Amino acid sequence: MSEEDGEGGSPRGRTGDGAAVREPGAVETPREPGAETPRGPGLVETVSEPGTIETPHEPGATKPPHAPGPVEAPRGPAPVEAPHGPGPVKAPRGPGPVGAPRGPGPVDALRGRSVPVVIVGAGPVGVTTALLLARYGVRSVVLERHRDVYPLPRAVATDDEVCRILQAVGVYESFAAVSRPARGLRLLDAGHDVIAEFRRTERGAHGFAQTRMFDQPVLERLLRDALTDRREAELWGGVEVVSVQEEEGGSRVRFHDAAGRAGEVRASYVLACDGAGSPLREACGIGFEDLRFEESWTVLDVRTPAAVRTWEGVDQVCDPRRPATFMRIGEDRYRWEFRLGADEDPDEAGVRALVAPWVEPAPGEEFEVLRTARYTFRARLAERWRHGRVFLLGDAAHQTPPFVGQGLCAGMRDAANLSWKLARVLGGGADERLLDTYESERRPHARKLILAAVATGWAMTGGQDRAAALRRAAVGAVCRVPGVTRLAGNGLAPPLRRGVLSAGRLGGRFCPQPGMRDGTFDDVLGPSFALVSGAPALTPALRPLAAALGARLVPAHGLGDGGALAAWLRAGGADAVLVRPDRVVLDAVPRGGREFTGIAGWAPLLRTGRAARTDVDARAPSPAEPFSLIH
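In this text the structure is predicted, and so the values were computed from the model without any measurement.

Novice: Honestly, the overall build of the chain in this entry has me stumped. Any pointers?
Specialist: A tally of helices and strands in the chain yields 15 helices and 25 strands. Put simply, the chain has 631 residues, and 58% of those count as buried. The long-range fraction of contacts in the chain, counting pairs at least 24 apart against all pairs at least 6 apart in sequence, stands at 74%. Roughly 24,600 Å² of accessible area belongs to the chain as shown, and the carbon and sulfur atoms make up 53% of that amount.

Written as C-alpha cells, this is what we have:
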C-alpha cells in the first residue's frame, strides 16, 4: 500500500523539496530538478529584534532552542522520472481542480499580515490540519509549492479512525462515495496458499468500516473543496517557502510566488507538512532515528475490466524470492507491489508475467498500466518533532514501510492531535506547555505502528534459510489459534500510552462512536471537550469543571444507541469520562468516585487563566464559555 509523501516510500527520482530564490538569511534551493544547490544559512533561523528579549517557548522554561548555525541547503533526490510502463497514463477520475483564492496573489494578499498558523504543504495532512483548525475557529494560511494536486495515485488505504477525522472536517460522506471497504489482510505463501487471514469489519469502534480503499488525488480534491468553504483558511499554490525566522512572539515566514516575487507573512506557529524530504525539518537540524528497514519496491497501478482473482482485501505474498502485495482499489483499479532486483525494469510482457497469478487478460482485452514507479520503503522517525515554533507532521516526522497501510493514517492522527492543542493555546488561555504533549503522545504511537509494519515486512522477506521457513511456519501456527486473527483484526492502532492527557483506566483510549437512531454520536459530542456520564447525576465538583473547559454534558443513556455507550463505561469501570476534542479519553471518574483521577496533572495545562487571543475567529465557540446541547 505504497504512498508517495504518505507511506514512508520515496519514489526514485522525485524531489521532496521545491524551487526557491535566496534572500539574506534564507536557504536557496534549486529552481529546476537536479540543479546545483548553493550553500547558505538554514531555512529556519532564530533572531532577535534589536533591543528586544526573546520570549521563552513555555512559561518558566528556558528560551526556545535556536536553529543550528549555518546549514547547507538540503539536496533533493535526482531529477523526476516520468511514469513509465505499457499503456497510456491517464489522470485519475475525480472532482475538478481547485484554484487559488481569487483576487490578488499571495505576495499582495499576505503583505503585512499576521495569522495564528502557517502550514507548509497542502497534501492531505496539511489541508486536514487547516480544516480542523478552522473547525476550532483558528485561522491559517496554507502554502504549497505545487499549483495543483499531484495527479497520480499514491496512498490507497485508510482506517476507521481516519474516517472519523474526515467526518469531523465534513468530507466523509463524499469520501465514502468514492472509496470502498476492504475485507482485511491475508498472508500468502509462495504458492498463494493462505497462511493467515485478518478480517476487518464493516463497522469498527469509530463507526466506519475498518479499512477503506481509495485514490489519493480524489481525496485531496475533496479536502481542498472543503477548504474553499472555510473563511478561516486560505490555500496558496505555486508558493515556495524560503525561510522561517523566529522573532519575539512569532515567526516570519518568507516565500516566493511562481513569478519569483518575494513575500512574507507572520505566524504564531509554523507546521511543516512538507513531506519526507522536508526542507523545514532539515533546516531545523533534525535528524532521524533509523528503525532499520530499507528496501526498493516497484509499484504497478493498473486499470482493467478483466476478471481479476481477488478476495476484496489485501494480499501479502510471503515469498523471499518474490515478495508482493496486491489489492483492489476501485471498480476497475488495482495495485501490485513487488520487490524486484536493481536490474529488473519490467516491460509490458514483464508486467503481465508479474500479475499473472491474479489476472491473465485475453488478447486485445484492455489492460491499462497507469503507472510504474520504484520506491524505497524506509522506517524512521524524526528525532524530535518540535523546533521552537515549528512542528513536524506527516512524512516530515515519520516514514513507514507500507505493509500495514498506516502511513497516511499516522499523518492524519498528527493533524487531529496537534490542531486542538494549538486552538486551546491560541484561543483558550491554555499553558503553552500543552504543545509539548504533541510529540510525547504521537511519537511513541507512530513508532509502534512503524515497527508493526517492519515486522510484517520481515515476515514477507525474512530470508531464505531454514530458520526463515520455520519462522513463517510458526506464524501460520499461531494464526490458526482460535481468536488470534480476530483479535489482531480489531484494530492496529494501540491506545495512547498513559500520560498527563491520558489518565485513568480508560485514558488514552478512544471514546467509541456507536450507531444511533438519529445523527451521529460525534455530532452530540461537538467540537470541544465533552463530559460523558453514565451516573444518574454529576457530582457537585464536575459541573464547574465542565463549565471551565467549555465541555458538553452528555448522558450515556437515552442516546438511541441501544445502550452501547453505557455498556462501554461499565466495562471500563467508569461513572464518567472526559473526552478530548480528538475523541481520546482524557480522564475517567472511577465507579463510585467523586472526581477525575489525573486532574492535578492536566488542569494546569488546559486552564491557566491567561487572556484568550483575539486573532482566533470570534464566531467559534470559546472553550471558556460552557454550552450544553444535551441535559
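Resuming the write-up.
Novice: What's the story with the packing of aromatic side chains in this structure? I'm lost.
Specialist: The relation between two aromatic rings is expressed through the spacing of the ring centres and the mutual angle of the planes. Summed over all chains, the structure comprises 19 aromatic pairs. Ring centres of tyrosine 172 and phenylalanine 175 lie 6.5 Å apart, and the angle between their planes is 55°; this geometry places the pair in the tilted category. You can see tyrosine 172 and its partner phenylalanine 175 sitting in helix α4 (residues 172-177), three residues apart, about one turn around the helix. Residue class for tyrosine 172 comes out buried when judged on its relative accessible area of 11%. Consider the rings of phenylalanine 326 and tyrosine 334, whose centres lie 6.2 Å apart with planes at 15°: the pair is stacked. We note that phenylalanine 326, like tyrosine 334, is buried. By way of ring pairs, the aromatic residues Phe293, Trp297, Tyr375, Phe377 and Phe403 are connected into one cluster. Stacked on the ring of phenylalanine 288, the Lys or Arg arginine 380 has its end atom at 4.0 Å from the ring centre. The ring centre of tyrosine 269 lies 5.3 Å from the NZ or CZ of arginine 389, which sits over that ring.

Novice: Hey, could you run me through the sheet that holds strand β25 (residues 585-590) in this one?
Specialist: Pairing between the strands of a sheet is mediated by backbone hydrogen bonds and can be parallel or antiparallel. With respect to topology, four strands assemble into an open sheet ordered β23-β22-β24-β25, the strand pairing being mixed. The open sheet has two edge strands, β23 (552-555) and β25, and neither has a second partner. Averaged over all pairs of adjacent strands, the angle between strand axes in this sheet comes to 20°, irrespective of strand direction. Two elements, strand β24 (residues 574-579) and β25, share five bridges in a ladder whose sense is antiparallel. In the sheet register, alanine 576 faces β25, and the bridge partner there is valine 589. Along the sheet, helix α14 (residues 564-571) makes contact with β22 (530-533), β24 and β25, crossing β24 at roughly 105°.

Novice: Help me out: how do you make sense of the sheet that holds strand β5 (residues 157-159) in this one?
Specialist: With respect to topology, three strands assemble into an open sheet ordered β5-β9-β6, the strand pairing being antiparallel. Every interior strand has two partners, whereas the edge strands, β5 and β6 (180-181), have only one. The sheet contact formed by β5 and strand β9 (residues 211-213) spans three bridges and is antiparallel. Across the sheet, residue alanine 157 finds its bridge partner in β9, namely methionine 213. On the sheet, helix α3 (residues 160-168) packs against β5 and β9 and is oriented at approximately 85° with respect to β5.

Analysis parameters
Residues numbered from 1 in each chain as written. Predicted model: local features only at pLDDT ≥ 70, side-chain atom pairs only at ≥ 80, totals over all residues. Heavy atoms only, no water. Helix = DSSP H or I, 4+ residues; strand = E, 2+ residues; numbered from the N terminus. Buried < 20%, exposed > 50% of the residue type's maximum accessible area, 1.4 Å probe, protein only. Contact = heavy atoms within 4.5 Å. Areas by Shrake-Rupley, 256 points an atom, 1.4 Å probe, with all protein chains shown as cover. Phe/Tyr/Trp six-rings, centres within 6.5 Å; stacked < 30°, edge-to-face > 60°. Lys NZ or Arg CZ within 6 Å of the ring centre and 35° of its normal. Pairing = 2+ DSSP bridges. Axes fitted to C-alpha atoms, helices over the stretch in contact; angles between N-to-C directions.

Everything listed here is a matter of coordinates, which is why it stays silent on function.
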